[in-house]
Amino acid sequence: MSDKDIIICRCEDITREDIRKCMERGFITFEDLKRQLRVGMGPCQGQTCSELIKRELADFLGEKPDVINTHKTRPLVIGVKLKSIKAGVDNES
Amino acid sequence: MKEIDLMIIGGGPAGLSAAKVALEAGLKVMIVDRNMSLGGQLIKQTHKFFGSEKQYAKTRGFDIAKRLIDKLAVHKDNLEICLETTAVGLYKDYVVTTLQGETYTKYRSKSIIIATGASEKVLAFENNDLPGVYGAGAVQTLMNLYGVIPGKKALMVGSGNIGLIVSYQMMQAGIEVLAIVEAAPKIGGYKVHAAKIRRLGVPIHTSTTVKRAVGKDQVEAVVTVELDEKWKEIPGTEKTYETDIVCISVGLSPLHQLLSMAEIEMRYIPELGGLVPIVDEFNETSMEKVFVCGDVIGVEEASSAMVEGSLAGLIAAKRLGKEHPEHEARLDDYLKQLSDLRNGPFGIKTRVGLKKLRGVGDAR
């Protein structure tokens, strides 16, 4: 099986090979992987990849996916231009 | 900042049903939906629904959507509908921010109903990014909404009701469905749907999954492999299908982001599809007057989403001091409908999931 041809996070173009290498270097939580690889930080904010990443972590650690914590969700749900936020604030006053 | 009574986020079967009941009770309601039209997933469902009369059984999905939308017309003075508008932020002080095009707007809503639904799960296999690998929902949108056929031959991955129904709809559209593969040892969806597919000559291979897609610029073939009872691949059982569509239908995960960012208490419940909010028996979350309904509180069907929506609208109205004239009767009716819908063998996942959700910790 070729891990470099398996896309895990399609927003950031991260493969299973990237994830496995990262875990082997000791980054073994979702938050670690997010900071190292930007997984879950693209347009879908992890909605698509988070189940797959949890499974990768679970396999690596010999755990069940249920016990792996998902990454912290922060505003906003999708990308919003700073220009739009500024205009929104200006319109309020 | 705009002040409103009730914001409903998501205008699918759950959100529309919630709006109807809340409007009847006299609330001013705003529905926010990121799509071009209301109706959620119903608008691409060309098949007739099951269930009882109350949930529009025997009616086609897109007709159900139409009926739900039409029912709101009498309340138009108290209803604002924002289409192509995404709710992008939810905060502890009841502020909801939305984005429509490039316009960012802040609202404060006394009560909020989250009916964001769910999105399709994906699978990790070799070349899973080749053009021709589709989610079942995308295939349904292309065919039933836009009249576009995505290819000539398909392999369906997943035998839940969506996988079975979309396989049938692909055949209706003239696509040859080579087979359905299912990783679990048995078929996931209703027997009546599976039987229809089998009668049309399409094999359903259980304990089998997709191993790799093959192709240069797009899918040209797909290789499947059988799985043992521990879900490990059995070497030597690979089978190659020449196909240009690999359709993935392996379940849905709730769109939890708004709830999570407001730090509403969540729990991971596999039976409900993933991360869901901890709720009381009326689907109120740990954030007072914030309710959930539909797939965001556990992936089920449109029938239960509609009843949950009605329930959310009813309770939200009461909590805002505008009790629905038929409150007690409606409450009994909705709770009974939900329990009936989940009573059969196919409701077991939801029953187990809800028990896990409400039975442990401080499930309010």
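Rules used in this analysis
Residues numbered from 1 in each chain as written. Chains lettered and ligands numbered in written order. Predicted model: local features only at pLDDT ≥ 70, side-chain atom pairs only at ≥ 80, totals over all residues. Heavy atoms only, no water. Patch = residues over 30% accessible without salt bridge, like charges linked within 9 Å, V, L, I, M, F, W, Y side chains within 5 Å. Areas by Shrake-Rupley, 256 points an atom, 1.4 Å probe, with all protein chains shown as cover. Salt bridge = Lys/Arg side-chain N within 4 Å of Asp/Glu carboxyl O. Lys, Arg positive; Asp, Glu negative; His and termini not counted. Charge placed at Lys NZ, Arg CZ, Asp CG, Glu CD. Helix = DSSP H or I, 4+ residues; strand = E, 2+ residues; numbered from the N terminus. Axes fitted to C-alpha atoms, helices over the stretch in contact; angles between N-to-C directions. Left-handed = near helix turned anticlockwise from the far one by under 90°. Contact = heavy atoms within 4.5 Å. Nonpolar A, V, L, I, M, F, W, Y, C, P; charged D, E, K, R; others polar. Domains from an automatic or database assignment. Buried area = accessible area lost by both parts, 1.4 Å probe.

Visitor: Quick rundown of a positive patch on the surface? Include the residues and the values.
Guide: Side chains of K48, R60, K196 and R199 of chain B sit close together on the surface and give a patch of like positive charge. Here R60 of chain B shows up in the loop between strand 2 (29-32) and helix 2 (61-70).

Visitor: Could you give an account of the packing of helix 4 (residues 161-172) of chain B against helix 5 (residues 191-199) of chain B, with specific residues and numbers?
Guide: Residue and element names in this part refer to chain B. Across the interface, helix 4 lies against helix 5 with an axial gap of 9 Å and an inter-helix angle of 35 degrees. Here the hand of the crossing between helix 4 and helix 5 comes out left-handed. Contact residues: helix 4 offers N161, L164, I165, S167, Y168 and M171, while helix 5 offers H193, A194, K196 and I197. Class assignment for the residues of the contact of helix 4 with helix 5 results in six nonpolar, three polar and one charged.

Visitor: Residue-level account of the domain arrangement of chain B, with values.
Guide: All names here are of chain B. Here chain B is partitioned into domain 1 (2-119 + 252-359) and domain 2 (122-248). Taken over C-alpha atoms, the centre of domain 1 sits 31 Å from the centre of domain 2. Taken together, the contact pairs nine residues of domain 1 with 14 residues of domain 2. Both sides of the domain 1 and domain 2 interface together cover about 990 Å² of buried area, and 61% of this is carbon and sulfur. When the buried surface of domain 1 facing domain 2 is broken down by residue, K44, F50 and F346 rank first, second and third, together holding 53% of it. Taken together, the links from domain 1 to domain 2 amount to zero salt bridges. Classifying every residue of the side of domain 1 that touches domain 2 gives four nonpolar, three polar and two charged.

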